[in-house]
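# Chain and residue survey
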Amino acid sequence: MNISGTGIGRGVAVGNILRMAPALEVPSDQLRPSTIEFESASSDVRRVLQEVSADLQKRADQAQHSKESSDAAPILAALSQMATDPALGQSIDTALQGGKSPERAVYEGFNEFEDKLRALGGYMAERANDLHDVGQRAIALLTNSPMPGIPQSDTPFILLADDLSPADTAALDMNKTLGIITIQGSPTSHTAILARSRGIVAIVGAEQAANLANGSRVIVNAATGTITVDPSDEELQQAELHKQHAAHARLLRGKPGSTKDGRHIALLANVAKPEDADAALEYGAEGIGLFRTEFMFMASSTAPSVEDQTKAYAKLLARFPGKKVVIRMLDAGADKPLDFLTPENEPNPALGLRGLRTLRTHRQILDDQLEALARADAQTDADLWVMAPMVADEHEAEYFVTLGKARGLKQVGVMAEVPSIALMAQEVAQVSDFVSIGTNDLTQYTLAADRTLASVGSYQTAWHPAVLRAIKLIADAGNTHGMPVGVCGEAAADPDLALALVGLGVNSLSMTPLALDDVRANLAGHTVQEAQDLANRALSGEFYPTARH
């Protein structure tokens, strides 16, 4: 029997299922005796929330110094702060004053905040599940119940869970965890992001896996998004061949990206903070194709100074002397709100002030970031490229390029995430130095399908011919006008899709460092003509069957 989901990466794992423990029961809604004093109950809840917060912060500190799980550190730190949020505490106190038991008050307080996050949609809706885990940990302490988490095992396993919290994912024993299957989740959930960054074979959104028994033997094939239950000897042999292919791909590490007939396709890395340069260099990245600058802004209640920004940019650039480093301007709004920057209560934030629109509204933030980038560029020898997010047309492109050039920046471009930019690609190519295509957002906006929702997860693939045709419009314009066009979305991390993108005319590919080996090996095994043939088949919809909808 085969079960389908969304694969993360290209790996294959074989092992026995270990199911996560079931969630805690919902605490009783029965009112507590009036003899229990509010102050005592409130004190107990505060103590437990402080304990949960301290534990999460400890995990964050450990993750920060771990090569395997450093990506989990900011997520865990944010959850630690959530546990002691004053507004959350006030909501819990209100329930306690109404006669609810401490565990029921915690449940209702967290549930209220979870509902608010879900109402925001997108990235914030995904965070509701993370917040729920924090509440579950507090309830477990209050009721002396087993703490939610990964069961202990003396032997290697494939973990099956409804979904994983960041705390669970960060705590995975890499010597025992062969793979992960989640019943919920999407390619952009924290489970997927952390699994990808840690190199764990994973399939998310596999709803039919809910019925798998503990101990079931399975093959988890992330490349095909397939879980094979009780595999045959032949299927096990095929899985072993796939593992051998992965080992061969590692032998090409460090070589430039190239097709079989010698066309160079720069293979770059996506990173979120300067420390991520280590992984990019380890896996042979030829430079950085996407450096997300949000990390400095998300961790503060005010915008970082020009000096602090300069230091961070220079730290990254210094690791890549003579190599291309593409830095994206702050992408605030929608799924990345900032209290001091983005508007509250937008009815549809994904279509509101976001990216360049936010920066234009807060011009000082824009000017300071460009100034910091110019200073960092002057201090280092990297080949700095700077781009603006969420650009809609040639007018916005020209606006940003003009500002960047006035600061002395040499390569100033834009991101293509809004479908309109594909329709205006010929005009954009005449005013911009380069275009980098963010396939995650381009896909969700083209298909009107929230990239974080499992219910529309099957739409979240750039194999859709509408998305590929938009990419081709941009690549054609770039090649006509001598403007480089790259892809920095998750599509670049899929070796087969990466080959199709080359066939569409893309010049560079940027991805999570762990994907570089497989993409490099796949390009090396095919000619440009074969890439173009694959692209033409994909444009006709061959790899995106409409039957699944």
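Details of the structure are given in the entry above.
## Some remarks on helix 4 (residues 102–120)
Along its 19 residues, helix 4 runs 28 Å from first to last C-alpha, staying within 8% of the 27 Å computed at 1.5 Å per residue. Buried within helix 4 are the following residues: Pro102, Arg104, Ala105, Val106, Gly109, Phe110, Phe113, Glu114 and Leu117.

## Considerations on the sheet that holds strand 8 (residues 226–229)
Pairing in this open sheet of eight strands is mixed, and the strands run 1-8-7-3-4-5-6-2 from one edge to the other. The strands lining the two open edges of the sheet, one partner per strand, are strand 1 (2–4) and strand 2 (6–8). Across the sheet, the axes of successive neighbouring strands diverge by a mean angle of 30°, strand direction being ignored. Relative to strand 6 (residues 201–204), strand 2 runs antiparallel, the two being bridged by three bridges. The residue bridging Gly7 from the neighbouring strand is Ile203, located in strand 6. Strand contacts of helix 8 (residues 233–250): strand 3 (12–19), strand 7 (217–221) and strand 8, with the helix running at about 120° to strand 3, the strand carrying the most contacts.

## Considerations on the nonpolar core
Counting residues in each nonpolar core, the largest one holds 91 residues, and the members touching the most others are Phe400, Ile437, Ile471, Ile474, Leu509 and Met511. With sequence-adjacent residues up to four places away left out, Met511 is seen in contact with Leu267, Leu268, Ala269, Asn270, Ala492, Ala493, Leu516 and Val519. If you look at the next biggest cluster of nonpolar residues, it comprises 28 residues, including Leu96, Leu117, Leu131 and Ala167.

## Notes on the pattern of salt bridges
Within this structure, the stated rule accounts for 25 salt bridges. In this structure, the salt-bridge partner of Asp276 is Lys273, at a minimum N-O distance of 3.2 Å. An identical accessibility class is assigned to Asp276 and Lys273; each is buried. Measuring nitrogen to oxygen at the nearest pair gives 4.0 Å for the salt bridge that ties Arg407 to Asp367.

## Topic: the sheet that holds strand 9 (residues 266–271)
The eight strands are arranged 9-10-11-12-13-14-15-16 in a closed barrel whose pairing can be described as parallel. Ignoring which end each strand starts from, the neighbouring axes of this sheet average 25° apart. Bridging between strand 14 (residues 435–437) and strand 15 (residues 485–487) involves three bridges; their strand directions are parallel. Bridging across to strand 15, Ser436 finds its partner in Gly486.

What counts as what
- Residues numbered from 1 in each chain as written.
- Predicted model: local features only at pLDDT ≥ 70, side-chain atom pairs only at ≥ 80, totals over all residues.
- Heavy atoms only, no water.
- Helix = DSSP H or I, 4+ residues; strand = E, 2+ residues; numbered from the N terminus.
- Expected span 1.5 Å × (residues − 1).
- Buried < 20%, exposed > 50% of the residue type's maximum accessible area, 1.4 Å probe, protein only.
- Pairing = 2+ DSSP bridges.
- Axes fitted to C-alpha atoms, helices over the stretch in contact; angles between N-to-C directions.
- Contact = heavy atoms within 4.5 Å.
- Core = buried A, V, L, I, M, F, W, Y, C linked by side-chain atoms within 4.5 Å.
- Salt bridge = Lys/Arg side-chain N within 4 Å of Asp/Glu carboxyl O.

Structural measurements only, silent on function.
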